[in-house]
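Read off the chains here:
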Amino acid sequence: MSSPPTFRVTAADGAARAGVLMTPHGEVLTPAFMPVGTKATVKSVDPQELRGLGADIVLGNSYHLHFRPGAELIAELGGLHRFMAWDGPILTDSGGFQVFSLEGFRKVDDGGVEFQSHVDGGRRKLTPERAIEIQATLGSDIAMAFDHVIPGGADEATARDALDRTLQWLARCKQRHEQLQTSEQTLWPIIQGGTLPALRTESLDRIMELGPWTGIAIGGLSVGEPKDKMYQTIDVLEARLPPTLPRYLMGVGFPADLVAAVERGIDLFDCVAPTRGGRNGSAFTPEGTLNIRNAAYRTDDGALDPSCDCETCTTYSRGYLRHLFVAGELLGLRLLSLHNVRYLIRLAAERRAAIQRGGDAFATWAEDWRRRYQHTGVA
Ligand SMILES: [Zn+2]
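Conventions used here
Residues numbered from 1 in each chain as written. Predicted model: local features only at pLDDT ≥ 70, side-chain atom pairs only at ≥ 80, totals over all residues. Heavy atoms only, no water. Helix = DSSP H or I, 4+ residues; strand = E, 2+ residues; numbered from the N terminus. Rg over C-alpha atoms; globule rule 2.2 N^0.38 Å. Buried < 20%, exposed > 50% of the residue type's maximum accessible area, 1.4 Å probe, protein only. Contact = heavy atoms within 4.5 Å. Areas by Shrake-Rupley, 256 points an atom, 1.4 Å probe, with all protein chains shown as cover. Lys, Arg positive; Asp, Glu negative; His and termini not counted. Charge placed at Lys NZ, Arg CZ, Asp CG, Glu CD. Pairing = 2+ DSSP bridges. Axes fitted to C-alpha atoms, helices over the stretch in contact; angles between N-to-C directions. Domains from an automatic or database assignment. Buried area = accessible area lost by both parts, 1.4 Å probe. Salt bridge = Lys/Arg side-chain N within 4 Å of Asp/Glu carboxyl O. Polar contact = N/O pair within 3.5 Å; in protein donor to acceptor, adjacent residues only side chain to side chain. Nonpolar A, V, L, I, M, F, W, Y, C, P; charged D, E, K, R; others polar. Donors = N, O, S within 2.8 Å, 3.2 Å for Na, K, Ca; no water. Tetrahedral: all angles 85-135°; square planar, octahedral: opposite > 155°, others 65-115°. Expected span 1.5 Å × (residues − 1). Parallel < 35°, antiparallel > 145°, perpendicular 65-115°, else oblique. Left-handed = near helix turned anticlockwise from the far one by under 90°.

Our next topic: the overall build of the protein chain. On a plain count of helices and strands, the protein chain comes out with 15 helices and 18 strands. Relative to a compact globule of 379 residues, whose C-alpha radius of gyration would be 21 Å, the protein chain shows 20 Å and is just as compact. Structurally, the protein chain occupies a C-alpha span of about 60 × 50 × 45 Å along its principal axes. Put simply, the protein chain has 379 residues, and 54% of those count as buried. Counting only contacts in the protein chain whose residues sit at least 6 apart along the sequence, the fraction spanning at least 24 positions is 66%. Carbon and sulfur atoms make up 50% of the accessible area of the protein chain, which amounts to about 15500 Å² in all. Taking the average place of the 40 positive charges on the side chains of the protein chain and the average place of its 46 negative ones, the gap between the two points comes to 3 Å.

Encoded structure:
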């Protein structure tokens, strides 16, 4: 029998940490970027390529998989790892974020959320218990609690209401998770509270009272609030978060945010930006984001990112990649997605190495990185 995730901090530099998260399907070296495989696939990147890019863990989305093809079908076909042919660790989101970001009909009460399915338009209900059952059926290594997500600019009354409900739901999630006795899967809670420091710390304190936990997530950030509010919120939490737990900042994955969050003690990230950007011709580079469709790259024989070791950058020219996008060729979006995922994984690995060197290595690395990124960065 495998054991549920455990975490060990192996080096620290200020608030920044390097660590190892151990799961039933292998280790994750942190800080780590987790590629998002919403529908049991990281768009246009296969599992073998993900390994080659250095991914230790991928995300699945229980909301999407529940509706299509259905968690029970995935269980029949051997569980999510077998189904998507990824034998490494998988973290599944609970569906809270999707349910609250859907357009159209939605009704929230203490029982759960009633909403309109994005697949067939039918009315559906998701409860904390159901969100846990779906994730247990999928068989992910880390399941997330079902939370009430609010928009970035929400007022205090809304944030308070969502915070209280998320905590009630957390107790129910935990109870259902224990009843199901999914010994190989662990459940992580999600801190809510908008950008109000008092609510965030209250959320954290009340979550810890419901513990013990093997990890903890910060939700409800990068949802439209100003950047400085996001960083302030992480700072407030960092001072109180138990150092022994891995910390996952949900949905944050642009390069500058990753660097700033690692400085503030965050260990895990996810974001659809690398593959979504890749499909739109947008590529991460150490100097900022570029759009390969730009006419300036038509005659450019250089690599997309000369400092990158991925297949895209070591094989093809910017001029060729631009041609693929202009001609609407599928290979173009795949090659940019591969590069963008590799870029964020390398960024995490570089930060990890700098933290492990100790002294001022991480601060110096972050300063150099920022100077270069902002110098000519366009996004
Ligand atoms: Zn590359």
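What follows concerns the sheet that holds strand β1 (residues 6-13). Across the sheet, three strands lie side by side as β1-β2-β3; this open sheet has antiparallel pairing. In this open sheet, the two strands that pair with only one neighbour each are β1 and β3 (26-30). On average, each strand axis in the sheet is inclined to that of its neighbour by 15 degrees, with strand direction left out of account. Pairing analysis gives five bridges linking strand β2 (residues 16-23) to β3, with the strands arranged antiparallel. Paired with Gly-19 across the two strands is Thr-30, which belongs to β3. Packed onto the sheet, helix α14 (residues 330-357) meets β1, β2 and β3 and runs at close to 115 degrees relative to β2.

What follows covers the domain arrangement of the protein chain. Accessible area lost upon the coming together of the parts is a frequently used measure of interface size. Along its sequence, the protein chain is organised into domain 1 (29-271) and domain 2 (280-376). Relative to domain 2, the C-alpha centre of domain 1 lies at a distance of 28 Å. With 23 residues of domain 1 at the contact, the number on the domain 2 side is 21 residues. For the domain 1 and domain 2 pair, buried surface summed over both sides reaches about 1900 Å², with 71% attributable to carbon and sulfur atoms. Of all residues in domain 1, Leu-53, Pro-255 and Val-259 give up the largest surface area on contact with domain 2, accounting jointly for 32% of the area buried on that side. Remark: the boundary between domain 1 and domain 2 carries two salt bridges. Where domain 1 touches domain 2, the interface holds six residue pairs in polar contact (both at pLDDT 80 or more). Looking at the side of domain 1 that touches domain 2, the elements with two or more residues in it are β3, β4 (32-34), α1 (47-53) and α10 (255-263). Ranked by residues supplied to the side of domain 1 that touches domain 2, first place goes to α10 with seven residues. For the side of domain 1 that touches domain 2, the per-class residue count stands at 16 nonpolar, four polar and three charged.

For the rest of this paragraph, the subject is the coordination of the zinc ion. At 2.1 to 2.3 Å from the zinc ion lie its protein donor atoms, namely Cys-308 (SG), Cys-310 (SG), Cys-313 (SG) and His-339 (ND1). Note that the zinc ion binds four donor atoms; their angles at the metal cover 95 to 121 degrees, and the shape is tetrahedral. One chain supplies every donor for the zinc ion, spaced along it as C-x1-C-x2-C-x25-H. Of the two residues, Cys-313 sits in helix α12 (residues 311-315) while His-339 sits in helix α14, which places them 26 residues apart along the sequence. Relative accessible area serves as the criterion here: at 0%, His-339 is assigned to the buried category.

Here Gly-79 lies in helix α4 (residues 79-84). Counting along the chain gives 59 residues from Gly-79 to Leu-138, while the straight-line C-alpha distance between them is 5.4 Å. Once you skip the residues sitting within four places of it in the chain, Gly-79 turns out to touch Ile-74 and Leu-138.

Moving on to the pairing of strand β17 (residues 282-285). Where β17 lies against strand β18 (residues 288-291), four bridges are found, and the strand directions are antiparallel. Looking at β18, one finds that Ala-283 is bridged to Leu-290. Here β17 folds back onto β18, and the loop between the two strands holds two residues.

This part takes up the environment of Gly-265. Tracing the backbone through its elements, the reader meets Gly-265 in the loop between α10 and β16 (268-270). The spacing of Gly-265 and Glu-238 is 27 residues in sequence and 6.5 Å in space, taken between C-alpha atoms. Each residue touching Gly-265, except ones within four places of it in the same chain, is listed here: Ala-15, Ala-16, Arg-17, Glu-238 and Arg-247.

Look at α14: 41 Å from first C-alpha to last across 28 residues, which is about the 40 Å you get at 1.5 Å a residue. Gly-358 sits one or two positions beyond α14 and adopts a positive phi of about 75 degrees.

Before going further, it helps to spend a moment on the packing of α10 against α14. Viewed as axis vectors pointing N to C, α10 and α14 meet at an angle of 25 degrees, and their least axial separation amounts to 11 Å. The orientation of α10 with respect to α14, classified from their angle, is roughly parallel. Helix-helix and strand crossings are classified by hand; for α10 and α14 the assignment is right-handed. In this structure, α10 contributes Pro-255, Leu-258, Val-259 and Val-262 to the contact, and α14 contributes Tyr-343, Leu-344, Leu-347, Arg-351 and Ile-355. Here the contact of α10 with α14 is built from residues that sort into eight nonpolar, no polar and one charged.

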